Amino acid sequence: MIHKDFISKPYTGQLEETEFGWQSPSNIALVKYWGKKEIQIPANPSISFTLDNCHTKTKVQVGPKVKSEKEFSFEVLLDGKPKEAFAPKIETFFKRVQPYLPFVDQYHFKIQTTNSFPHSSGIASSASGMSALALCFMSMEKTLLPDMNQEYFFKKASFLARLGSGSASRSTQGPLMVFGEHQDIPESSNLYGVKYQGEVHDNFNNYQDTVLLVDVGEKKVSSSVGHDLVNGHPFASARFEQANKNLSELLQIIKQGDLEAFVKVVESEALVLHAIMMSSQPYYLLLRPNTLRIIEKVWEYRANTNSNLCFTLDAGANVHLLYPEAEKQEVLQFIRNELVVYCKNEQYICDQIGFGAKKL
Ligand code: PMV
């Protein structure tokens, strides 16, 4: 599908319901999206596990537009309190989605959102938040176009979520989502995320993700600045080629259930993401001393046991520990005994693979 397939047909229904709600999960990339063209068109394809417990719940109340000079009329509340800091990002989102959702400048929208994970935990809420908001808008559009089928609904929801944040395009469904065109995945697209339909070995059923909170608070360098620094980066084209190759390899690994090979690709992807940051111009560093201590402990643990525990990283200092459900008891014991000391206020979040967004 191309851009113009997402321009709405003439509306046949009415926006009668006044409240629309969705719960959307966060996700963790295995092959990372880092570097983009235009508006969130990825420079390379990525694949992620959809999470379950880490999610955003968003309710949008639609009302008559408040008379004002402003093109878009909305208010945002986080945990029931007005959150002015979110307004610029949401205003940009409205501007970007308007060509595809012509009703967004016709009403007032009261957006109420809450995250299941602690605020300022360093866990990015943009993927789950933008996905939940995009899904609410799609529920509105569905009442205006009642014949819309479910496949189109989710494609367009992901397309809109992408306009808010690239990784948000991978938060609509699950358990594995692909964003960006890749030769081995015929349905993949640079415009939206798709559910990975290939074979997945049982070893990955209920795969666990325990997020160790190393550093809480605002990131020193935002993801959008980071993506921009990939343009003109001396290693950029080699990195894009590597990501394509890693994705091909990972698809085989996922099919065969080869956990040892999974560890190698996933950890390498995490470290390359940060290597690109460290070698950008200007260079920067989001890893903290405790991130490195955790990584070394994970390697030591693996060397001393038969474990398939591995780590991955987002654009921040927190560490995601990925492991099979069968190892849950041992790994949680290891975390409690040896890793919590490296977590800010001993905080960590236990999560696992999830199946995507839910209508509220
Ligand atoms: O969605 P953005 O623009 O915040 O980019 C996120 C990029 C990473 O989280 C670092 C990697 C990824 O693929 O999710």
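Residues numbered from 1 in each chain as written. Predicted model: local features only at pLDDT ≥ 70, side-chain atom pairs only at ≥ 80, totals over all residues. Heavy atoms only, no water.

Quick look at the packing of aromatic side chains now. Inspection of every chain in the model, using the stated rule, returns 24 aromatic pairs. A cation sits over an aromatic face here: Arg 162 above Phe 159, 5.2 Å from the ring centre. (Phe/Tyr/Trp six-rings, centres within 6.5 Å; stacked < 30°, edge-to-face > 60°. Lys NZ or Arg CZ within 6 Å of the ring centre and 35° of its normal.)

Taken together, 13 residues lie around the ligand, and Tyr 33, Ser 165, Ser 167, Arg 170 and His 227 are the ones closest in. Relative to its unbound accessible surface of 380 Å², the ligand loses 91% to contact with the protein. Split by residue class, the shell around the ligand holds five nonpolar, five polar and three charged. Both domain 1 (3–198) and domain 2 (206–352) contribute no fewer than three residues apiece to the shell around the ligand. (Near = heavy atom within 4 Å. Areas by Shrake-Rupley, 256 points an atom, 1.4 Å probe, with all protein chains shown as cover. Nonpolar A, V, L, I, M, F, W, Y, C, P; charged D, E, K, R; others polar. Domains from an automatic or database assignment.)

Relative to the 28 Å expected for 20 residues at 1.5 Å per residue, helix 6 (residues 259–278) spans 29 Å between its end C-alpha atoms, a close match to the ideal helical length. Where helix 6 begins, one side-chain oxygen reaches toward the backbone nitrogen of Glu 260, 3.3 Å away; that side chain belongs to Asp 258. (Helix = DSSP H or I, 4+ residues; strand = E, 2+ residues; numbered from the N terminus. Expected span 1.5 Å × (residues − 1). Polar contact = N/O pair within 3.5 Å; in protein donor to acceptor, adjacent residues only side chain to side chain.)

Right, let's get into the domain arrangement of the chain. Split into domains, the chain comes out as domain 1 (3–198) and domain 2 (206–352). One C-alpha centre belongs to domain 1, the other to domain 2; they are set 25 Å apart. At the junction of the two partners, domain 1 supplies 33 residues and domain 2 supplies 43 residues. Counting each side, the surface lost to burial between domain 1 and domain 2 is near 3100 Å², with a carbon and sulfur contribution of 67%. Interface area lost by domain 1 to domain 2 is led by Leu 30, Lys 32 and Trp 34, which between them contribute 26%. (Contact = heavy atoms within 4.5 Å. Buried area = accessible area lost by both parts, 1.4 Å probe.)

For strand 10 (residues 208–212), the buried fraction is high: five of the five residues fall into the buried class. By the alternation rule, side chains of strand 10 split into Gln 208, Thr 210 and Leu 212 and Asp 209 and Val 211, which are all buried. Pairing of strand 10 with strand 12 (residues 319–323) involves five bridges; the strand directions are antiparallel. By the bridge assignment, Gln 208 is partnered in strand 12 with Tyr 323. One ladder, built from five bridges, connects strand 10 with strand 13 (residues 348–352); its direction is antiparallel. Among the inter-strand pairings, Gln 208 is bridged to a residue of strand 13, identified as Gln 352. (Buried < 20%, exposed > 50% of the residue type's maximum accessible area, 1.4 Å probe, protein only. Pairing = 2+ DSSP bridges.)

Here we come to the sheet that holds strand 13. The pairing of strands in a sheet comes from backbone hydrogen bonds and takes either a parallel or an antiparallel form. Read across the sheet, four strands follow the order 11-12-10-13 without closing on themselves; strand pairing throughout is antiparallel. One side of each edge strand has no neighbouring strand; the edge strands of this open sheet are strand 11 (310–313) and strand 13. Strand after strand, the sheet turns through a mean of 25 degrees between neighbouring axes, direction not considered. Running over the sheet, helix 7 (residues 289–304) touches strand 10, strand 11 and strand 12 and is turned about 155 degrees from strand 11. (Axes fitted to C-alpha atoms, helices over the stretch in contact; angles between N-to-C directions.)

Take the nonpolar core next. Membership of the largest hydrophobic core comes to 77 residues, with the highest contact counts inside it found for Ile 47, Phe 109, Phe 137 and Phe 262. Looking at which element gives the most residues to this core, the answer is helix 2 (residues 126–144), with nine residues. For this core, the two domains that each supply at least three residues are domain 1 (3–198) and domain 2 (206–352). One finds Leu 212, Val 298, Leu 309 and Tyr 342 within the second-largest nonpolar core, a separate group that totals 23 residues. (Core = buried A, V, L, I, M, F, W, Y, C linked by side-chain atoms within 4.5 Å.)

Time to look at the pattern of salt bridges. Applying the stated rule across the entire model yields seven salt bridges. The closest approach of N and O atoms between Lys 155 and Glu 151, which form a salt bridge, is 3.2 Å. Separated by four residues within a single helix, Lys 155 and Glu 151 lie in helix 3 (residues 150–164), roughly one turn from each other. We classify Glu 151 as exposed; its relative accessible area is 54%. For Lys 245, the salt bridge identified is with Glu 249, shortest N-O distance 3.6 Å. Of this pair, Lys 245 and Glu 249 both sit in helix 5 (residues 236–256), four residues apart, which is roughly one turn of that helix. (Salt bridge = Lys/Arg side-chain N within 4 Å of Asp/Glu carboxyl O.)

Quick look at the side chain of Ser 128 now. You can see Ser 128 is positioned in helix 2. Within polar-contact distance, the side chain of Ser 128 engages the side chain of Thr 56 at 2.7 Å.

A few words on helix 3. Because each turn of an α-helix spans 3.6 residues, side chains separated by three or four positions in sequence point in the same direction. Given a rise of 1.5 Å per residue, 15 residues ought to cover 21 Å, and the 21 Å separating the end C-alpha atoms of helix 3 matches this to within 8%. Of all 15 residues making up helix 3, 13 are buried, and the element is well covered by its neighbours. A side-chain oxygen of the first residue of helix 3 lies 3.2 Å from the backbone nitrogen of Glu 151; this N-cap is Asn 149.

One way to put it is that helix 7 packs onto helix 8 (residues 328–339) with a least axis distance of 12 Å and a crossing angle of 135 degrees. Classed by the angle they form, the pair helix 7 and helix 8 counts as oblique. Viewed along their axes, helix 7 and helix 8 form a crossing whose handedness is right-handed. Facing helix 7, whose interface residues are Ile 294, Lys 297, Val 298 and Tyr 301, helix 8 presents Glu 330, Val 331, Phe 334, Glu 338 and Leu 339. Broken down by class, the residue content of the contact of helix 7 with helix 8 amounts to six nonpolar, no polar and three charged. (Parallel < 35°, antiparallel > 145°, perpendicular 65-115°, else oblique. Left-handed = near helix turned anticlockwise from the far one by under 90°.)

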